[in-house]
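Below, each chain spelled out in residue letters.
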Amino acid sequence: MIRVQQEAFDAGVEQQALLQGRSDIGAVVSFTGLVRDFNERPEVTALTLEHYAGMTEKALEAIVEDACGRWPLQGVRLIHRVGCLTPGDPIVLVVVASAHRRAAFEACDFIMDYLKTRAPFWKKEHTASGNYWVAERSSDHQDAARWEEACNN
Amino acid sequence: MSLTHLNARGEAHMVDVADKAESRREAVASGRIRMHPETLALLADGELPKGDVLATARIAGIQAAKRTPDLIPLCHALPLSKVAIEFRLDEPTSSVEVSATCRLNGRTGVEMEALTAVSVACLTLYDMCKAVDKDMEIGEIRLESKTGGKSGDYRRQGMSSPIVTGASRRADPGLALDTAAPCIHIKCLAELRERLGVSDLDLPFEALERADIAGLKAALTAKDPRFAGLNEGRVLCAVNQVMGGDQTPLTDGDEVAFFPPVTGG
């Protein structure tokens with residue numbers, strides 16, 4: 001299940017919904033990304049998240065599909081927020097369920113790495129000293145590249 | 001729909017609001033003053049000769065909201081419960097965005113107060129900065145939203161900070177062409193939209209010498225030199241919402257989006 005929304009989400013509620021009525025799931029890993037009050041500059045007061053409606057959902061679906069092809073997963077929930085957020089707000093939620101923990105841990109890590117480098121979202125940070133669009137990070141690309149190597153080995 | 005400020009004879013009159021129910025009303029207006037990047041930098045660093053520009057403009061805006069009935073002939077004097085002025089320094093467009101929020105519990109709306117506050121805050125910004133920049137331009141003064149009252153809530157559609165970029169297809173009037181002809185639909189997203197000052201536009205398919213992304217970039221740049229920016233830095237593109245590159249072929253009716261590297265998560 002994939003959602004792009006402005007509203008906040010409750011990680012506990014989403015995890016429960018994923019596990020509801022299931023007894024075949026042996027491991028569930030949940031990751032929540034939050035808005036920090038410092039990034040490229042200190043004193044970030046707000047964040048605006050823009051996306052490319054339509055393509056965003058397709059890109060997220062492709063990432064989840066890719067993860068399902070690499071690990072035996074029994075369920076994935078992926079929620080990404082858009083709009084205006086303030087420090088402390090949750091931005092993104094990835095919940096991955098599997099029979100065993102390794103697959104759940106790795107798939108969750110993989111989904112976040114691919115999301116950060118492939119899904120069309122853009123962040124604009126608002127700070128006391130002005131606003132700016134966040135630049136891409138090479139470390140995110142290195143993180144995502146780990147999975148390519150893993151694939152080639 | 002009739003104009004409430006005109007009576008049966010078409011003469012201007014002040015509307016009697018005594019019988020209207022009191023409700024909590026709020027209006028948000030915004031505007032923008034464009035300036036040279038050097039002026040914006042001086043403003044951000046607090047180095048303009050007249051002193052703290054934003055603090056002065058904020059007080060001016062608040063004062064103006066309270067004086068609206070003195071300026072606009074048929075406006076009622078309103079006991080405003082809140083006037084807030086905010087500024088956003090926008091480097092990509094080299095401008096200051098001004099927004100004003102006015103609120104009260106009363107019988108008539110506060111949009112004129114919010115619009116007046118924005119206008120006077122912009123004028124004060126001009127006054128505070130004119131020693132170093134006389135080319136500044138004030139514009140885009142408009143109501144963003146209005147709540148409370150009989151006529152219902154209003155919210156401007158798809159104009160400010162489009163978070164859902166794919167929703168509305170609005171051609172740039174400066175570049176709009178005959179849309180009945182076969183077209184390529186182009187979108188510029190996020191930082192690129194602000195850098196180029198273009199959100200959506202249609203280009204006739206026949207304007208392309210080569211029917212691919214490289215050909216589209218060339219046709220756009222020939223039409224408007226701003227689009228040379230499509231070849232500066234890392235600009236990604238998607239054709240019909242699938243990632244593409246310079247060699248990706250195009251056909252009539254395709255949607256092409258240009259955007260900077262993604263930064264979600």
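Rules of the game
Residues numbered from 1 in each chain as written. Chains lettered and ligands numbered in written order. Predicted model: local features only at pLDDT ≥ 70, side-chain atom pairs only at ≥ 80, totals over all residues. Heavy atoms only, no water. UniProt positions renumbered as here; feature names shortened; annotations may be inferred. Helix = DSSP H or I, 4+ residues; strand = E, 2+ residues; numbered from the N terminus. Expected span 1.5 Å × (residues − 1). Buried < 20%, exposed > 50% of the residue type's maximum accessible area, 1.4 Å probe, protein only. Phe/Tyr/Trp six-rings, centres within 6.5 Å; stacked < 30°, edge-to-face > 60°. Lys NZ or Arg CZ within 6 Å of the ring centre and 35° of its normal. Pairing = 2+ DSSP bridges. 1 Å grid on protein atoms, 1.4 Å probe; cavity = no way out; pocket = protein on both sides within 12 Å on 5 of 7 lines; lining within 4 Å. Points joined across faces, edges and corners; volume = space filled by probe spheres on them. Nonpolar A, V, L, I, M, F, W, Y, C, P; charged D, E, K, R; others polar.

- As named in an unreviewed UniProt entry, chain B is Cyclic pyranopterin monophosphate synthase, taken from Onishia taeanensis.
- For the record of chain B, the UniProt heading Sequence similarities (unreviewed entry) holds the text "Belongs to the MoaC family."
- Regarding chain B, the relevant UniProt record gives this comment under Function (unreviewed entry): "Catalyzes the conversion of (8S)-3',8-cyclo-7,8-dihydroguanosine 5'-triphosphate to cyclic pyranopterin monophosphate (cPMP)."

- As recorded in an unreviewed UniProt entry, chain A goes by Molybdopterin synthase catalytic subunit and comes from Onishia taeanensis.
- You can read under Pathway (unreviewed entry) in the UniProt record for chain A the words "Cofactor biosynthesis; molybdopterin biosynthesis."
- Heading Catalytic activity (unreviewed entry) of the UniProt record for chain A holds this comment: "2 [molybdopterin-synthase sulfur-carrier protein]-C-terminal-Gly-aminoethanethioate + cyclic pyranopterin phosphate + H2O = molybdopterin + 2 [molybdopterin-synthase sulfur-carrier protein]-C-terminal Gly-Gly + 2 H(+)".

What to know about helix H2 (residues 55-70) of chain A
- With 16 residues, H2 of chain A should cover 22 Å at 1.5 Å per step; its first-to-last C-alpha distance of 23 Å lies within 8% of that length.
- Every buried residue of H2 of chain A is listed here: Met 55, Thr 56, Ala 59, Leu 60, Ile 63, Val 64 and Ala 67 of chain A.

Observations regarding helix H4 (residues 111-129) of chain B
- Over its 19 residues, H4 of chain B extends 27 Å from the first C-alpha to the last, a length consistent with the 27 Å expected when each residue adds 1.5 Å.
- Within the sequence span of H4 of chain B, burial applies to Glu 113, Ala 114, Leu 115, Thr 116, Ala 117, Val 118, Ala 121, Cys 122, Thr 124, Leu 125, Met 128 and Cys 129 of chain B.

Looking at the packing of aromatic side chains
Residue and element names in this part refer to chain A.
- Counted under the stated rule, the structure contains six aromatic pairs over all chains.
- Summarising the aromatic geometry, the rings of Trp 71 and Trp 147 are spaced 5.5 Å apart at their centres and angled 85 degrees between planes, so their arrangement reads as edge-to-face. Within this pair, whereas Trp 71 is found in the loop between H2 and strand S4 (73-81), its partner Trp 147 is found in helix H4 (residues 138-152), the two being separated by 76 residues in sequence. Each member of the pair, Trp 71 as well as Trp 147, carries the same accessibility label: buried.
- An aromatic cluster of at least three residues, connected via ring pairs, comprises Trp 71, Phe 110, Tyr 114 and Trp 147.
- Sitting above the plane of the Phe 38 ring, Arg 36 keeps its charged end 5.2 Å from the centroid.

Let's talk about the pairing of strand S6 (residues 90-98) of chain A
All names here are of chain A.
- Among the nine residues in S6, nine count as buried, and that is most of the element.
- Pairing analysis gives eight bridges linking strand S2 (residues 27-34) to S6, with the strands arranged antiparallel. Across the sheet, the residue bridging to Val 29 is Val 96, located in S6.
- Judged from the seven bridges that link them, S4 and S6 form a sheet pairing that is antiparallel. Paired with His 80 across the bridge in S6 is Val 92.

Thoughts on the layout of surface pockets
Residue and element names in this part refer to chain B.
- Looking at the second largest pocket, its volume works out to about 820 Å³.
- Along the walls of the second largest pocket sit 26 residues, with Thr 4, His 5, Lys 20, Thr 108 and Glu 111 positioned nearest its centre.
- Residue contributions to the lining of the second largest pocket peak at three residues, all from H4.
- Partitioning the lining of the second largest pocket into residue classes produces eleven nonpolar, nine polar and six charged.

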